[in-house]
Amino acid sequence: MTPAIDAHVRLDTHPTHPSAVTAVLTGSQARVALIALEAADWSVAADNILVLARIDHEEPYWAEDAAKHLIAEGITVEITPRLQEAIDEEWTWANYPMPWCTRSEIREVSNQAQKIHDDIRHGQLLIHAHAHDGHTTIAVGTYLHPGGKSVYLHGEDHLRQIADTFDSPANALLAFEKAHPAEMRPGPAPLTDTERAAIEARSVFDVTTAKSEPFSNEPETVPVYLADTGDHDALLDTFLEAHSEFEMWRTWSDDTTHAIHESQTLRIERVHEAHPRETAWTIAAYETPVSDRMWHLTATGATPAPVLQTLLHHLAEGDGCDTAVGGPVDEQTVTAATRPLTDAGWEHAVDGRWIRWTNLAGDAGVQFDAFAAQNANSALATWTVWAGPNIDRAAWAIHASPYTPAVLLASLADGLAHATGTSTTTAPTASRHARQFVTTSPSLPQIPNRQSGSRSR
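Just so it is clear, the structure is predicted and the values come from calculations on it, not from any experiment. (Residues numbered from 1 in each chain as written. Predicted model: local features only at pLDDT ≥ 70, side-chain atom pairs only at ≥ 80, totals over all residues. Heavy atoms only, no water.)

1. Comments concerning the nonpolar core
- Counting 49 residues, the largest nonpolar core has I268, W295, L297 and W396 as its most contacted members.
- Broken down by element, this core gets its largest block of residues, 6 residues, from helix α8 (residues 305-316).
- A30, L50, L52 and I75 belong to the second-largest nonpolar core, a separate cluster that totals 22 residues. (Core = buried A, V, L, I, M, F, W, Y, C linked by side-chain atoms within 4.5 Å. Buried < 20%, exposed > 50% of the residue type's maximum accessible area, 1.4 Å probe, protein only. Helix = DSSP H or I, 4+ residues; strand = E, 2+ residues; numbered from the N terminus.)

Given below as structure tokens:
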């Protein structure tokens, strides 16, 4: 007979997410239940509260599965009537693209997609590039564990599958470029609505906890990488007002603003409604108005305002548009770009093809990718400036290509090491998403597993 454990788990439906499940833990040995649920990919949302939020809407099924395992270990489990009703509910996906699959087979396909999603979320699968093939999102990435394969991914959310594998990232990227030269974009694709809803489901209890604690709206001086995001649109407006040599252009949809230097060789793109972790700024420099890009740099939507101000200041001062095309990045370039970090005593480490500089707290850094630096046309970022829990879960990031001026990178590095900004603590709010059980997906295409020519950087 399994000995009883002093732990009680109450499973219930999530207060705002349509299919997520919560677990409230009590008892002197609640830690045992917490470890077991974490191992099953439940996320800690607050003290003794965990959330199961998936991208396949199968949380009630897997909650019941978790309950069976916990009970077998001697842990008391309570399932609320409303969650039991969700567990017993019979539902099917509308317009499911594989109608021959049984319900259990559909669940297995979805679970494989969930594993891919979790591998990406936990930093075990690095996405190099993505594209849209006219029907759905496709991507190429590499598993980071020893001997990890590079994979070609097809589909979104519960329909994402591994469509092909490669022996190396280089072969995978070349094949991806060959198949999708015009649509290919660096890094992971923007989050889907389902992925965003899952993130919010995992964070809502942090919001509830924060609301019960006193908070202050008084600005606090913090390192620049922890400063408030500020109003990026107002930042761009102020920049354009102060620098008449840049002319503003709006796209037909008003979702994006372009600022173009009078020389036509330096261009700024601002995406107004970008998600905080998606690309909101793109800077591109050209040798002539009609040439390919010399270099480019992107910044995500949560990039602190002072960091962007540093970047825009250098663009206006001519550090970007006056830079001539050079050769591949060499040791001298890397040293010049990162000297402020070295002088400030940041930790320096070499990990295979990556060289990293990280502050002592480990919540900000700069990464140089020697592999990407050897190919001026690579879709991979040569430089990554970031801040957050770690580089794979960065709160914000700036990515730069090989020819990005060392003086510009050094200025950003100097700001990370020495500059400060302000931060104001505010109470966030949770949002509610409607339940969506509709899916469409074409059949899986194949991409050629062979090398090809490069694309413009």
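2. Notes on helix α11 (residues 406-418)
- When the terminal C-alpha atoms of α11 are compared, their 18 Å separation across 13 residues agrees well with the 18 Å that a helix rising 1.5 Å per residue should span.
- Every buried residue of α11 is listed here: L408, L409, A410, S411, L412, A413, G415 and L416.
- Tucked inside the fold, the buried residues of α11 contact β16 (293-300), α8, α9 (331-343), β19 (364-369), β20 (383-387) and β21 (396-400). (Expected span 1.5 Å × (residues − 1). Contact = heavy atoms within 4.5 Å.)

3. Overview of the pattern of salt bridges
- One pass over the structure, following the stated rule, counts 13 salt bridges.
- Between R82 and D12 there is a salt bridge, with its nearest N and O atoms 2.7 Å apart. Of this pair, R82 sits in helix α3 (residues 81-88) while D12 sits in strand β1 (residues 8-13), and the two are 70 residues apart along the sequence.
- Close ionic contact of R121 with D118 constitutes a salt bridge, the shortest N to O distance being 3.8 Å. On the criterion of helical spacing, the pair formed by R121 and D118 is a turn pair, its members being 3 residues apart in helix α4 (residues 103-121).
- Here R121 falls in the partly exposed class, since its relative accessible area comes to 24%.
- Residue classification places D118 among the buried residues on the basis of a relative accessible area of 7%.
- Overlapping salt bridges bring together R10, D12, E78 and R82 as one network. (Salt bridge = Lys/Arg side-chain N within 4 Å of Asp/Glu carboxyl O.)

4. Remarks on helix α1 (residues 30-39)
- Within the sequence span of α1, burial applies to A30, A33, L34 and L37. Buried residues of α1, viewed axially, fall in a sector of 100°; they line one side. Turned more than 90 degrees away from the buried face of α1, the exposed residues are R31 and A39. (Arc of directions from axis to C-beta.)

5. A short note on the packing of α9 against α11
- Where α9 meets α11, the axes come as close as 6 Å, and the angle between the chain directions of the two elements is 20°. By the angle between their directions, the pair α9 and α11 is classed as roughly parallel. You can see that α9 and α11 cross each other, and the crossing is right-handed. Facing α9, whose interface residues are T333, A336, A337, P340 and L341, α11 presents A406, L409, A410, A413, D414, A417 and H418. (Axes fitted to C-alpha atoms, helices over the stretch in contact; angles between N-to-C directions. Parallel < 35°, antiparallel > 145°, perpendicular 65-115°, else oblique. Left-handed = near helix turned anticlockwise from the far one by under 90°.)

6. Overview of the layout of surface pockets
- Roughly 350 Å³ of volume is contained in the second largest pocket.
- In terms of lining, the second largest pocket is formed by 21 residues, of which the most central are A39, A40, D41, W62 and D65.
- Looking at the lining of the second largest pocket, its residues break down into 9 nonpolar, 5 polar and 7 charged. (1 Å grid on protein atoms, 1.4 Å probe; cavity = no way out; pocket = protein on both sides within 12 Å on 5 of 7 lines; lining within 4 Å. Points joined across faces, edges and corners; volume = space filled by probe spheres on them. Nonpolar A, V, L, I, M, F, W, Y, C, P; charged D, E, K, R; others polar.)

7. Quick word on the sheet that holds strand β5 (residues 76-79)
- The 5 strands are arranged β3-β4-β2-β1-β5 in an open sheet whose pairing can be described as mixed. In the strand order of this sheet, the two ends are held by β3 (43-46) and β5, each with one partner. Each strand axis lies, on average, 30° off the axis of its neighbour in the sheet, ignoring direction.
- Relative to β5, β1 is paired through 4 bridges, and the arrangement is parallel. Bridge pairing in β5 links V9 to V77. (Pairing = 2+ DSSP bridges.)

8. With respect to the pairing of strand β14 (residues 266-271)
- Burial along β14 is one-sided: L266, I268 and R270 are buried, while R267, E269 and V271, pointing the other way, are not.
- Taken together, the 5 bridges between strand β13 (residues 256-261) and β14 define a ladder with antiparallel strand orientation. The residue of β14 that forms the bridge with I260 is R267.
- Linkage of β13 to β14, two consecutive antiparallel strands, is achieved through a turn of 4 residues, within which Q264 is found at a positive phi near 65°.
- The pairing of β14 with strand β15 (residues 279-286) spans 5 bridges and is classified as antiparallel. Bridge assignment links I268 to a residue of β15, and that residue is I283.

9. With respect to the sheet that holds strand β10 (residues 185-186)
- Taken in spatial order, the 5 strands line up as β9-β8-β7-β6-β10 in an open sheet, and their pairing is antiparallel. Each edge of the open sheet is held by one strand with a lone partner, namely β9 (161-166) and β10.
- Sheet topology note: the strand β8 (residues 150-154)/β9 ladder contains 5 bridges and is antiparallel. Its bridge partner being in β9, S150 is matched across the sheet by F166.
- Helix-sheet contacts for α4 involve β6 (125-132), β7 (137-143), β8 and β9, and the interaxial angle to β6 is about 110°.

Without other data, these values stay purely geometric and don't point to any function.
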